[in-house]
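Below, each chain spelled out in residue letters.
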Amino acid sequence: MQRFVARIEILCNAEKRCPKSLGYTYEKSMDFCYLVHGQWLNWFTAQGVCAGERGQLVKVDTMEKLIYLNSSVTDNTKNYWTGANDQVIEGTFEWRDGTVLANDNEVWGLNQPDDWGGEDCCEIKPALGWKIQDDNCGSTLWFICEYVVLY
């Protein structure tokens, strides 16, 4: 019973651990913190900025999270870097934690990924209905960092 009570206490304090001093916003229903950056950076530099803020480029592995970001991000005219890439194995897009973003996942845009011109990094594209597409890692986009709340 004591272990169960401790788990409830930790869950209740998750929002308090979101680094709001760095500008992160806490999303309670999905238990994650995010921060939208309005800077034009390539994928590598964007990932470095997120790491410097104790986070990573956002992991968008469900439609629920895509829908939430669509309703929360105020500038729907920009594309945003995510953390998925296929730099290790061409054609296998992975998140930073090593989980694979399947090519048939509902979060992909139509005919994506297409690896057009050597695209190895992923972005959220509002013009595709807030779906993911692959892009050249050297392109400069806005980006979303995610702070993973650890228990």
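In the block above lies the structure referred to throughout.
Residues numbered from 1 in each chain as written. Predicted model: local features only at pLDDT ≥ 70, side-chain atom pairs only at ≥ 80, totals over all residues. Heavy atoms only, no water.

S.K.: Outline the environment of Thr140, supporting the account with residue identities and numerical values.
M.R.: With respect to the element layout, Thr140 can be found in the loop between strand S8 (131–135) and strand S9 (141–147). The partly exposed category is assigned to Thr140, whose relative accessible area is 42%. It is 5.0 Å that separates the C-alpha atoms of Thr140 and Trp40, two residues lying 100 residues apart in sequence. (Helix = DSSP H or I, 4+ residues; strand = E, 2+ residues; numbered from the N terminus. Buried < 20%, exposed > 50% of the residue type's maximum accessible area, 1.4 Å probe, protein only.)

S.K.: Break down helix H3 (residues 43–52) for me, citing the residues and quoting the values.
M.R.: For H3, the complete set of buried residues consists of Trp43, Ala46, Gln47 and Cys50. One side of H3 carries all its buried residues, which in axial view fall inside an arc of 100°. Buried positions along H3 lie against strand S2 (32–41), strand S3 (56–57), strand S4 (80–89), strand S7 (121–125) and S9. Where H3 starts, the residue carrying a side-chain oxygen 3.0 Å from the main-chain nitrogen of Phe44 turns out to be Asn42. (Arc of directions from axis to C-beta. Contact = heavy atoms within 4.5 Å. Polar contact = N/O pair within 3.5 Å; in protein donor to acceptor, adjacent residues only side chain to side chain.)

S.K.: Outline the pattern of salt bridges, listing residues and values.
M.R.: Applying the stated rule across the entire model yields four salt bridges. As a salt-bridge pair, Lys78 and Asp75 come within 3.1 Å of each other at their nearest N and O atoms. For Lys78, a relative accessible area of 18% corresponds to the buried category. Residue class for Asp75 comes out buried when judged on its relative accessible area of 18%. (Salt bridge = Lys/Arg side-chain N within 4 Å of Asp/Glu carboxyl O.)

S.K.: Any details on the packing of aromatic side chains? Residues and values, ideally.
M.R.: Enumeration over the complete set of coordinates arrives at nine aromatic pairs. When the centroid spacing of 5.4 Å and the interplanar angle of 85° are considered together, the rings of Trp43 and Phe44 count as edge-to-face. Under the relative-accessibility criterion, Trp43 is labelled buried at 5%. The structure contains a cluster of three or more aromatic residues connected by ring pairs, namely Trp40, Tyr80, Trp130 and Trp142. Note that Lys65 overlies the ring of Phe32, its terminal NZ or CZ placed 4.4 Å from the centroid. (Phe/Tyr/Trp six-rings, centres within 6.5 Å; stacked < 30°, edge-to-face > 60°. Lys NZ or Arg CZ within 6 Å of the ring centre and 35° of its normal.)

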